[in-house]
Amino acid sequence: MAPDADLSRAAGLSEEGRLPPRARLGPLLRSLLLLLVAAVLLAGAGSAWYVQRGVAQEFVARAVDQQAEEVEVVARLLAARIEQQQKVLLALADSLPLKRLQDSAALAGELHQELPLADWFDSLSVALADGRVMAYMRAGKDRPLESLDGNERELLRRTLAGGKPMVGTVLQPEGEDLRLLFTAPLRTSAGAVVGVMAGGMRLSSQALLPPTAADGWSASRLMLVAPDGSIVAHSSPARWLGHVRDEAGLGLPFLRTLQAQLPVQSRSTSQAEDGYLYTLAGMPLPQWFVVRVARLEAPPLWGLSGEGSAALLGAAALALLAAAAMVVLAYPWMELTARAEQLLQRHAPGRMPRLGCMPSVAHAWGEVAVLWRALHALSRQRDTQARRAARFQAQTQTILEEAPVAIVVTRHDRVELLGMQAARLLGYAPDELQGYPIRQLCAGDAEHARLMERIHWEMRAYGQFNGEVSLMHKNGHPVWLRMQGRRVASPLRRDAGAGVAMVWMVRDVTDQRKARAHPQWMAQHDALTQLPNRESFTLRLQQWLDERRKAPAEGGVLLFLDLDHFASVNEVAGHDAGDALLRHFARLLETLVPAPGVAARLGGDEFAVLLPESSLREGRAHASQLCEAVGAWEASYQGQRFWLGVSIGLVVLDAQSSIAAMLHAADMACYEAKRQGRGRVQVQERCEIAENGAGPG
C-alpha cells in the first residue's frame, strides 16, 4: 500500500479524500454549536442585566447630580462665611493706628475701643515685624503675651514673611480645641509690612457644618478636609482631627483625587467607587475641601419572573433550531477541513504539496469557495517563497565565504552562518561550525557565562558589542578576537521562536595583545582606552609634517573631539560608568576612522583624529558620520539612561604650521562648535595662531 494511503487511513480519510460520516463533525463545529446554544440562552439574561445596569447607572447619575449640588451650596456658604470673617479682620487691621504698635497698653486700649468688630473673634493678637507679640486678647480680656500658642506664632511669622492675609487652623494644647485663625498684615502708607494682626474663632462642627439631609442613602457623612487629607471638621465630632484614609468609602483612591484638585478651586468633583459616592468642592481662601461621602444602595441588579423564565425556554428552542440549521450549512466547511488534513498528510519532507491534484469540495459556495481558492493561491506562494529563500540563503553563504573580512551570524547561542575567513580564524571548516554551540568555543562554563553577561550588558547599554574576546582554537590554544556585533532580524527564518540574530565582524588581535605587553607600546598608548596617547599622536603629526615638507601633496585633516554632557555621566552614575563609556567611544572611533587615519585620546573626554590623506570635503563627511553615530547612542548604566553627543573641531592641515598651532586651532574650532549648540562640526580651514602663544611643538 502507498505511504499516502497509509497516512490517509491513519488520519481517518477515505481513498477518495472524503471524510467518513462519523468524522465529519469536528471539535471546532461541536464547540461552535455549544457556543451558539449558550449564546442564545444567555442573550435573554444578558438583556435583563443590561436593562438593570442602565437603571443602576441612571440612579448613580441622579445621586451624583443631587450630591454635587448640595456640596457646592455648603462650600459656597462656608466660603462666604470665612470671607466675611477675613474682611472684618482686614477692616479692623486698617482701623488700627500704626503709631500705637510699639506701646502694648495703648494697643490693647485701641482693641477694646474697637470691641464691636473684635466681638467677631474669640481671640485677637498683634505682633511686630520682628516677631514680638504686642497684644493678645481672648474672650474680650487681655491675656499674657507669652501665653500665645506657638502654632499661632508660626502662622503670624508666615504672614509676615509672605506679606499677605492667610487662613489656617491651629490646635490649642488645652482640651485639643481646634480654632480657625485669620491673619492680616499691617502696612504703612508706603506699603511696608510693619506688623501682623490675627483673629481666631473656635471651630464647632455643629455650627460650621449643616446637619446631614435625610435621603435614600445610609452612612452619609459631611466633612471639611485639608489638602493633606486631615479632617478639619466632621458631622461626627468623634472624627475631628482624623484622616480620610480611615474613612469608609475614601482611602487611597480619594487621596489621589484630592491631590489632582490642587491648587484648591471651587468646582466640584464626584466619583463612585466600591459602593460609595463621594463629592468634593473646594474653598480657595482657606484651601479646604467640603466632602460628602454616602453609601449607594442601588436596587438589585436583576431577578427572573415567570415571564422571564418563559422567554428563556423560548430562547432555548430557538437555539436548538439554529444548531440544526448550522450543521446543514456547515457541510461544505467540513469537507474543506478534510481537504486541509489531506494536504498536511501528503506533505512529504523536502517537497511542497500541490492542492490542484486533490478533489474539489462538493457544493462549495460562499466563504468556503473563497477559502478553497485562497488555499490554492497560498500553495503556489509557498512554492515561490521556498525557492526564493533557498536562493537567498545560497547567495548569502557565497557572500560570507568570499568576503575579505570574517563575518559570523549567531542565533540562540549557536553559529548559524559563517564564512571561510571566520572559520579559518578558529581552525575549522565552515561546515564544522554550522550550528556549533558557542559554549564549545569557550574555555569553560565560567568563561562562557562571563562572555554572555558581558555581551548582554553592552547590548543593553549601547545597542551593540565591540570588544576583544578569547575563544578556543581547534588545536586547543586560545585565540584573541576583536568582535563587533549588532542585532538584526534575519529574513531567512520567519517561524515562531526564531529569535533575533547577531551579525559579527571578527578579526584576529592575538598579536596586538602580545604587543601591548611591551613597555614601549604601553608608554605610547592610553591605559583606559588602548588608543594612542597625546605623545604618540604628537609624534604621528610630526611625521606627517616631515613627509609633507619633503614631498608636498594635497590632503590632511585634523579633528578635535570633545564629548558633550560627559560630566553628567560621572556625576550621576559614577566614574565606572564614565570609564566604560570612554572605552566604548574609543572602539567606535577605531571602527569609523578609515585607514591610514589615526585616533588618539588626548586626555579626559578629549580625543583627536588625524586623516592624513583626506580632503576638506572627506574630512567633514567623516566628522558628520561620527556626530551621527554618537548622537544615535542611548547609553544605559545600572538602569540609568544617558543621551550624549560630540562636538568636533575640524582643521585643514598646513605643513608650514607647528603642531601646537594645529592642535590649538582644532581645539578652538571644537570650542566654537560647543558654543553654537554642541553636537556639530565646526571647520577651521587654516591654522592661524601666533607661534609665541602656541607653546612648544
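Scope of this entry: the structure provided in the associated data block.

What counts, and where the lines are drawn
Residues numbered from 1 in each chain as written. Predicted model: local features only at pLDDT ≥ 70, side-chain atom pairs only at ≥ 80, totals over all residues. Heavy atoms only, no water. Helix = DSSP H or I, 4+ residues; strand = E, 2+ residues; numbered from the N terminus. Buried < 20%, exposed > 50% of the residue type's maximum accessible area, 1.4 Å probe, protein only. Salt bridge = Lys/Arg side-chain N within 4 Å of Asp/Glu carboxyl O. Core = buried A, V, L, I, M, F, W, Y, C linked by side-chain atoms within 4.5 Å. Contact = heavy atoms within 4.5 Å. Polar contact = N/O pair within 3.5 Å; in protein donor to acceptor, adjacent residues only side chain to side chain. Pairing = 2+ DSSP bridges. Arc of directions from axis to C-beta. Axes fitted to C-alpha atoms, helices over the stretch in contact; angles between N-to-C directions. Left-handed = near helix turned anticlockwise from the far one by under 90°. Nonpolar A, V, L, I, M, F, W, Y, C, P; charged D, E, K, R; others polar. Phe/Tyr/Trp six-rings, centres within 6.5 Å; stacked < 30°, edge-to-face > 60°. Parallel < 35°, antiparallel > 145°, perpendicular 65-115°, else oblique.

**Description of the overall build of the protein chain**
Within the protein chain, the regular secondary structure consists of 21 helices and 23 strands. Residues classed as buried in the protein chain amount to 41% of the 697 residues present.

**Re the pattern of salt bridges**
The tally for this structure, following the rule as stated, stands at 17 salt bridges. Here Glu432 makes a salt bridge to Lys474, at a shortest N to O gap of 2.9 Å. Residue Glu432 is located in helix H12 (residues 430-433), and its partner Lys474 is located in the loop between strand E14 (465-472) and strand E15 (478-488); the two are separated by 42 residues in the primary sequence. The class for Lys474 is partly exposed, based on a relative accessible area of 44%. With a shortest N-O distance of 2.9 Å, Glu590 and Arg587 are connected by a salt bridge. Here Glu590 pairs with Arg587, and both are found in helix H18 (residues 575-592), just 3 residues apart, close to one helical turn. A relative accessible area of 32% means that Glu590 is categorised as partly exposed. Overall, the relative accessible area of 9% leaves Arg587 in the buried class. Several salt bridges share partner residues, and in doing so they unite Glu468, Arg482, Arg513, Arg587 and Glu590 into one network.

**Quick look at the nonpolar core**
Of all hydrophobic cores here, the largest spans 38 residues; its most connected members are Val126, Met197 and Val290. Here the element with the most residues in this core is helix H2 (residues 27-95); it accounts for 10 residues. Ignoring sequence-local partners within four residues, the contact set of Val126 consists of Leu96, Leu101, Leu107, Leu111, Arg132, Val133, Met134, Ala135, Leu186, Val196 and Met197. The next biggest cluster of nonpolar side chains, apart from the first, holds 35 residues, and it includes Val557, Val593, Cys627 and Ala635.

**Topic: the environment of Ser647**
Position of Ser647 among the secondary structure elements: in strand E22 (residues 645-652). When the C-alpha positions of Ser647 and Gln682 are compared, they lie 8.1 Å apart, and in sequence the two are 35 residues distant. Once you skip the residues sitting within four places of it in the chain, Ser647 turns out to touch Phe560, Leu561, Asp562, Asp564, Cys670, Ala673, Lys674, Arg678, Gly679 and Arg680.

**With respect to the side chain of Glu416**
Relative to the helices and strands, Glu416 is located in strand E13 (residues 414-418). Within the local environment of Glu416, its side chain forms a polar contact with the side chain of Arg411, the two groups lying 2.8 Å apart.

**Comments concerning the pairing of E13**
Judged by how many residues are buried, E13 sits mostly within the fold: 4 of 5 residues are covered. Where strand E12 (residues 406-411) meets E13, 4 bridges bridge the pair, whose relative direction is antiparallel. Within E13, the residue paired with Val408 across the bridge is Leu418. Two successive antiparallel strands, E12 and E13, enclose a turn made up of 2 residues, where His412 displays a positive phi of approximately 55°.

**So, the pairing of E15**
Pairing between E14 and E15: 8 bridges, direction antiparallel. Bridge assignment links Asn466 to a residue of E15, and that residue is Gln484. Adjacent in sequence and paired antiparallel, E14 and E15 are bridged by 5 residues, among which Gly476 carries a positive phi angle near 95°.

**Describing helix H7 (residues 251-260)**
An α-helical turn contains 3.6 residues, so any two residues separated by three or four positions project in the same direction. Considered for burial, the residues of H7 that qualify are Gly251, Phe254, Leu255, Thr257 and Leu258. The buried residues of H7 all sit within an arc of 160° when viewed along its axis, so they share a single face. Within H7, the exposed residues directed more than 90 degrees away from the buried face are Leu252, Arg256 and Ala260.

**Re the sheet that holds strand E17 (residues 557-564)**
Pairing within the open sheet is mixed, and its 5 strands lie in the order E18-E19-E17-E22-E23. In the strand order of this sheet, the two ends are held by strand E18 (598-603) and strand E23 (681-684), each with one partner. Sheet twist, expressed as the average angle between the axes of neighbouring strands with direction ignored, equals 20°. The sheet contact formed by E17 and strand E19 (residues 606-611) spans 6 bridges and is antiparallel. Note that in E19 the partner of Leu561 across the bridge is Phe607.

**Quick word on the packing of H18 against helix H19 (residues 616-631)**
One way to put it is that H18 packs onto H19 with a least axis distance of 11 Å and a crossing angle of 145°. Crossing angle aside, the handedness with which H18 passes H19 is right-handed. Where H18 abuts H19, its residues Phe585, Leu588, Leu589 and Leu592 lie against Gln625, Leu626, Ala629 and Val630. Taken together, the residues of the contact of H18 with H19 break down into 7 nonpolar, 1 polar and no charged.

**A word on the packing of aromatic side chains**
Two numbers describe a pair of aromatic rings. These are the distance of the centres and the angle of the planes. If you walk through the whole model with that rule in mind, you get 4 aromatic pairs. Look at Phe585 and Phe607: their rings are 4.9 Å apart centre to centre, the planes differ by 70°, and that puts the pair in the edge-to-face class. Of the two residues, Phe585 is situated in helix H18 and Phe607 in strand E19; the sequence distance between them amounts to 22 residues. The residues Phe585 and Phe607 share a single accessibility class, namely buried.

**As for the packing of helix H13 (residues 445-462) against H18**
Where H13 contacts H18, the axes come no closer than 12 Å and their chain directions differ by 85°. Between H13 and H18, the angle is such that the two are roughly perpendicular. Counting all contacts with H13, which are made through Trp457, Glu458 and Tyr462, the residues of H18 involved are Ala580, Leu581 and His584. Looking at the contact of H13 with H18, its residues break down into 4 nonpolar, 1 polar and 1 charged.

**A look at unusual backbone geometry**
A cis amide bond links Ala595 to the next residue, Pro596, at an omega of 5°. If you trace the backbone, Pro596 turns up in the loop between H18 and E18. Phi at His412 takes a positive value of approximately 55°, unusual for a residue other than glycine. Within the secondary structure, His412 sits in the loop between E12 and E13. Positive phi outside glycine occurs at Gln530, with the angle close to 65°.

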